[in-house]
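Listed below, chain by chain, are the residues.
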Amino acid sequence: GDSVTQTEGQVALSEEDFLTIHCNYSASGYPALFWYVQYPGEGPQFLFRASRDKEKGSSRGFEATYNKETTSFHLQKASVQESDSAVYYCALGDLVGDNSKLIWGLGTSLVVNP
Amino acid sequence: NAGVIQTPRHKVTGKGQEATLWCEPISGHSAVFWYRQTIVQGLEFLTYFRNQAPIDDSGMPKERFSAQMPNQSHSTLKIQSTQPQDSAVYLCASSLDGGNYAEQFFGPGTRLTVL
């Protein structure tokens, strides 16, 4: 079945550092790819999505590019802030028939120190 | 726009008791999703409704879990004979049309603890 792999379980950075969180997927067909962010005590919030090869999604300074060849959708931000501390989830949209459930990675906890 | 509302926020049950979780989707959204979140398994899809009709319940444990959407303004997830392994945060989400590229809006979740 479809799956999403996030390599890093936790990332610790200082403010203004460059962020990369790796996301690779396995899916038949051509899934939509998503990034969500979750703060403590809240549900995940949509960051952005991409739905075709080479498409870049972006929001709030975060960005990722859909790469069909390497089956990746890595999240990057040039300069992180303490307020970016949260758990980040990569997900894919299941394209089986009319089904639109999300398949999630295990999440990456980002801690940004001041 | 109040967002997706989930009640209760916290529920504690004894082993073998029943738990009912409530979700009110965003007004005008036609799709409702239920997910379960644990430290070990992460986020797992449970079930999905579109226009109140069940579309996919492939993630639901068959024997004790059931979900309904009796009207467009609320959905319930019922767990019978709760077990300690059911302890998790249960998240409800809604989207405008349930399409494959649609953004899902999540509620804050219900934290279920089974003693």
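Residues numbered from 1 in each chain as written. Chains lettered and ligands numbered in written order. Predicted model: local features only at pLDDT ≥ 70, side-chain atom pairs only at ≥ 80, totals over all residues. Heavy atoms only, no water.

## With respect to the overall build of chain A
For clarity, the cut-off: Numbering of helices and strands runs from the N terminus, with a helix taken as a DSSP run of H or I at least four residues long and a strand as a DSSP run of E at least two residues long. As a reference, a globule follows 2.2 Å times the number of residues to the power 0.38, and the radius of gyration itself is taken over C-alpha atoms. Any residue under 20% of the maximum accessible area for its type is buried, any over 50% is exposed, and the rest in between are partly exposed; the area is computed with a 1.4 Å probe on protein chains only. In this description, contact between two residues means that some pair of their heavy atoms is separated by no more than 4.5 Å.
Tallying secondary structure elements over chain A gives zero helices and 12 strands in all. Ordered by position from N to C terminus, the α and β elements of chain A give β-β-β-β-β-β-β-β-β-β-β-β. Whereas a compact globule of 114 residues would reach a radius of gyration of roughly 13 Å, chain A reaches 14 Å, a difference of no more than 12%. Residue burial in chain A is summarised as follows: out of 114 residues, 46% are buried. Excluding contacts between residues fewer than 6 apart, the proportion of contacts in chain A whose partners are at least 24 apart in sequence is 55%.

## Let's talk about the overall build of chain B
Here is the rule: Accessible surface area values rest on a Shrake-Rupley calculation with a 1.4 Å probe, where residue burial reflects the displayed protein chains alone. The convention is simple: Lys and Arg are positive, Asp and Glu are negative, and His and the chain ends are not counted. Charge coordinates come from a single atom per side chain, which is NZ of Lys, CZ of Arg, CG of Asp or CD of Glu.
If you tally the helices and strands in chain B, you get zero helices and 11 strands. Relative to the 2.2 N^0.38 estimate, which gives 13 Å for 115 residues, the radius of gyration of chain B is 13 Å and therefore close to what a compact globule would have. In terms of overall dimensions, chain B has C-alpha extents of about 35 × 30 × 25 Å along its principal axes. Looking at the 115 residues of chain B, the share that counts as buried comes to 48%. Of the contacts formed within chain B by residues at least 6 apart in sequence, a portion of 55% connects residues at least 24 apart. Surface accessibility of chain B: about 5500 Å² in total, with carbon and sulfur atoms responsible for 49%. For chain B, the distance from the average site of its 9 positive side-chain charges to the average site of its 9 negative ones is 8 Å.

## Overview of the environment of Gln10 of chain A
Residues and elements named next belong to chain A. Along the polypeptide, Gln10 turns up in strand β2 (residues 10-14). Note: C-alpha distance between Gln10 and Tyr66 (56 residues apart in sequence) is 23 Å. Apart from residues no more than four positions distant in its own chain, Gln10 is found in contact with Thr108, Ser109 and Val111.

## Things to note about unusual backbone geometry
All names here are of chain B. With an omega of -10 degrees, the peptide bond between Thr7 and Pro8 qualifies as cis. Positionally, Pro8 belongs in the loop between β1 (5-7) and β2 (10-13). At Ser81, a position not held by glycine, the phi torsion is positive, near 45 degrees. For Ser81, a relative accessible area of 33% translates into the label partly exposed.

## Observations regarding the environment of Lys101 of chain A
Under the convention used in this document: Side-chain atoms alone can form a polar contact between residues adjacent in sequence; in general such a contact is a pair of N or O atoms within 3.5 Å, and within protein one must be able to donate a hydrogen while the other accepts it.
By secondary structure assignment, the location of Lys101 of chain A is in the loop between β10 (86-93) and β11 (102-104). With a relative accessible area of 13%, Lys101 of chain A lands in the buried category. Between the C-alpha atoms of Lys101 of chain A and Lys77 of chain A, which are 24 residues apart in sequence, the distance is 27 Å. Beyond its immediate sequence surroundings of up to four residues, Lys101 of chain A is in contact with Leu92, Gly93 and Asp94 of chain A together with Phe33, Tyr35, Phe45, Asp56 and Ser58 of chain B. Polar side-chain contacts of Lys101 of chain A include one of 3.2 Å to the side chain of Ser58 of chain B.

## As for the state of the cysteines
As a reminder of what qualifies: Throughout, disulfides are identified as pairs of cysteine sulfur atoms within 2.5 Å of each other.
The tally for this structure, following the rule as stated, stands at two disulfides over all chains. Covalent S-S linkage joins Cys23 of chain A and Cys90 of chain A, the inter-sulfur distance amounting to 1.9 Å. The chirality of the disulfide connecting Cys23 of chain A with Cys90 of chain A is left-handed, given an S-S dihedral of about -65 degrees. Taken together, the residues span a long stretch of sequence, with Cys23 of chain A in strand β4 (residues 23-26) and Cys90 of chain A in strand β10 at a distance of 67 residues. We note that Cys23 of chain A, like Cys90 of chain A, is buried. Here Cys23 of chain B pairs with Cys92 of chain B through a disulfide, and the sulfurs are 1.9 Å apart.

All we've got here are geometric facts, nothing functional implied.
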